[in-house]
Amino acid sequence: MKVTIEDIQKARELLKSHICQTELSHSLSASKLLKSEIFFKFENTQRTGSFKFRGAYNKISNLTAEEKSRGVVASSAGNHAQGVALSASLMGVKATIVMPETASISKSSATRAYGANVVLKGEIYDDAFQHAKKLEKEHGYTFVHPYQDPFVIAGQGTIGLEILEKLPDVDTVIVPIGGGGLISGVALALKTLKPSVRVIGVQSDRSPGMACLYNKQNPTTPPKRIATIADGIAIKNPSPEMYENFISKYVDQVVTVSDDEIAEAIVFLMERTKAVAEGSGAAALAAAMQRGLNLGKKCCILISGGNIDLNIVSKVIDRGQIVRGRLCELSVIVDDVPGNLSRLTQAIAENKANVLEVRHDRVSQGLSLRETRIDFVLETSSREHVEQIKRAMEAVGAKVIQA
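Here is what the cut-offs are and how they apply
Residues numbered from 1 in each chain as written. Predicted model: local features only at pLDDT ≥ 70, side-chain atom pairs only at ≥ 80, totals over all residues. Heavy atoms only, no water. Helix = DSSP H or I, 4+ residues; strand = E, 2+ residues; numbered from the N terminus. Expected span 1.5 Å × (residues − 1). Buried < 20%, exposed > 50% of the residue type's maximum accessible area, 1.4 Å probe, protein only. Polar contact = N/O pair within 3.5 Å; in protein donor to acceptor, adjacent residues only side chain to side chain. Axes fitted to C-alpha atoms, helices over the stretch in contact; angles between N-to-C directions. Parallel < 35°, antiparallel > 145°, perpendicular 65-115°, else oblique. Left-handed = near helix turned anticlockwise from the far one by under 90°. Contact = heavy atoms within 4.5 Å. Nonpolar A, V, L, I, M, F, W, Y, C, P; charged D, E, K, R; others polar. Pairing = 2+ DSSP bridges. Core = buried A, V, L, I, M, F, W, Y, C linked by side-chain atoms within 4.5 Å. Phe/Tyr/Trp six-rings, centres within 6.5 Å; stacked < 30°, edge-to-face > 60°.

Over its 17 residues, helix α8 (residues 150-166) runs 25 Å from end to end, which matches the ideal 24 Å to within 8%, given 1.5 Å per residue. Burial within α8 is extensive, with 13 of its 17 residues counted as buried. With a side-chain oxygen lying 2.8 Å from the backbone nitrogen of Phe-151, the N-terminal cap of α8 falls on Asp-149.

Pasting the structure below:
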């Protein structure tokens, strides 16, 4: 499989009247935090809420009239599904999207709303993929691969052209990696036009296949179902073809990040840039915040998508706040005598924390007859603030057992 800079430039011409020229915005708060001039490329504001529309539209546009008349099929749990559905609808092409039965209702509903026929099949993505390939053979559809396709890669690569147009002196670009189509196209464009730029890829540590391949590490056997908030980049097995043809040639470093680190990045984006990012969309920022990367003087961080499941937003915010020290779950054991709860809340108040929840527990295993466990949920300002409160509680006789 071969993709050239000319292919990406052709895709740019084809797409320019159909895509959003997404914002490349300087962030003062991120720049102060990371000690580099940080620019966000907000693909979460692209049509369908992610970069996937670019590759899907470029692929379907390059089909023959006969191929378009037969229709297209794709398998996806989310963003690729919506990108293919809208692209096909705009060109009057029938689209069938196979999604796992576990796909979120919001994403399957959005895919139908873009005009596609949605088929729910299997528990995991692999089941949906196999069924989509079966439909391809049975009906003569064209299969639109989410990443291993030259037209899809060229479409995603147009992001690299836009970054260089707006920020020609960029030193580093950080991009999430799932299957590898996004980083392959972006890195090819960047390295061809500006070889000195560093390209860093980011994976979830729950699905680190490409990172293991790149870093010459032995991969672990992936679980049947990958549980991560970065579901958009949760690919079980890395593609050797994507690695050999693109990632090994054009990418300078690949790192992984945890769900907690991604949650912290999501909260940072909400609070400081007023941007909503899904887990995979915030992975690149999580790496910049947590991995001590060499960002250079100017760094572009790609926010690849914003289709976060609203059912988990509150959980993600809480988790991100806990990691940042803005929310604290604190449990203590004290003697079960009058006045102890008052002394604890007084210590909390004197240290300028806010009590959100409090719960008494006198029956847990391990407690003596004269002890009680008190669980607090506190609103705090930092990790240092949490440690200060723990010391204050110990000073009034409490034994801190969990924080």
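The subject of this paragraph is the packing of helix α3 (residues 52-61) against α8. Look at α3 against α8: their axes get within 7 Å of each other, and the N-to-C directions meet at 130 degrees. It follows that α3 is oblique to α8 by the angle criterion. As α3 runs across α8, the sense of the crossing is right-handed. Along the contact surface, α3 presents Lys-52, Arg-54, Gly-55, Asn-58 and Lys-59, while α8 presents Phe-151, Val-152, Ala-154, Gly-155, Gln-156, Thr-158, Ile-159 and Glu-162. A per-class count over the contact of α3 with α8 returns four nonpolar, five polar and four charged.

Attention now moves to the sheet that holds strand β4 (residues 95-99). The sheet built from four strands is open, its strands ordered β5-β4-β3-β6 with parallel pairing. Every interior strand has two partners, whereas the edge strands, β5 (117-120) and β6 (142-143), have only one. Here two bridges tie strand β3 (residues 72-75) to β6, and the two strands are oriented parallel to one another. From the neighbouring strand, Val-73 faces β6, where its bridge partner is Phe-143. On top of the sheet, helix α5 (residues 79-90) reaches β3 and β4; it is set at about 165 degrees to β3, its chief contact. Against the sheet, helix α7 (residues 125-139) makes contact with β3, β4, β5 and β6, and its axis sits at roughly 165 degrees relative to β3, the strand it touches most.

Bringing the side chain of Ser-50 into the picture now. With respect to the helices and strands, Ser-50 occurs in the loop between β2 (37-42) and α3. In this view, Ser-50 contacts Glu-43, Asn-79, Ser-304, Gly-305 and Asn-307; residues no more than four positions away in its chain are not counted.

Next up on the list: the nonpolar core. Ranked by internal contacts, the top residues of the largest apolar core, which has 39 residues, are Ile-8, Val-170, Val-173 and Val-251. For this core, the secondary structure elements donating two or more residues are α1 (5-15), α8, β7 (172-176), α9 (181-193), α10 (209-214), α11 (240-250) and β10 (298-303). With seven residues, the top contributor of residues to this core is α9. When near neighbours in sequence (up to four residues on either side) are disregarded, Val-173 contacts Ile-163, Leu-190, Val-197, Arg-198, Val-199, Ile-200 and Cys-300. Judged by nonpolar contacts, the second largest core, of 36 residues, contains Ala-282, Ala-283, Cys-299 and Ile-301.

Our focus in this paragraph is the packing of aromatic side chains. Applying the stated criterion across every chain, the model contains four aromatic pairs. Seen from their ring centres, Phe-40 and Phe-42 are 5.7 Å apart, and the 45 degrees between their planes marks the pair as tilted. A ring pair is formed by Phe-53 and Tyr-57, whose centres lie 5.6 Å apart and whose planes are at 50 degrees; its orientation type is tilted. Of the two residues, Phe-53 and Tyr-57 are both situated in helix α3; the distance of four residues between them amounts to about one turn of the helix. Comparing Phe-53 with Tyr-57 shows no difference in burial state: the two are buried.

What follows is about the environment of Val-332. Considering the arrangement of structural elements, one finds Val-332 in strand β11 (residues 327-335). Among the residues examined, Val-332 registers a relative accessible area of 0% and is labelled buried. Once the C-alpha coordinates of Val-332 and Ala-65 are considered, the two residues, 267 residues apart in sequence, prove to be 70 Å apart. Excluding residues within four positions of it along the chain, Val-332 makes contact with Leu-344, Thr-372, Arg-373, Ile-374, Phe-376, Met-393, Ala-398, Lys-399, Val-400 and Ile-401.

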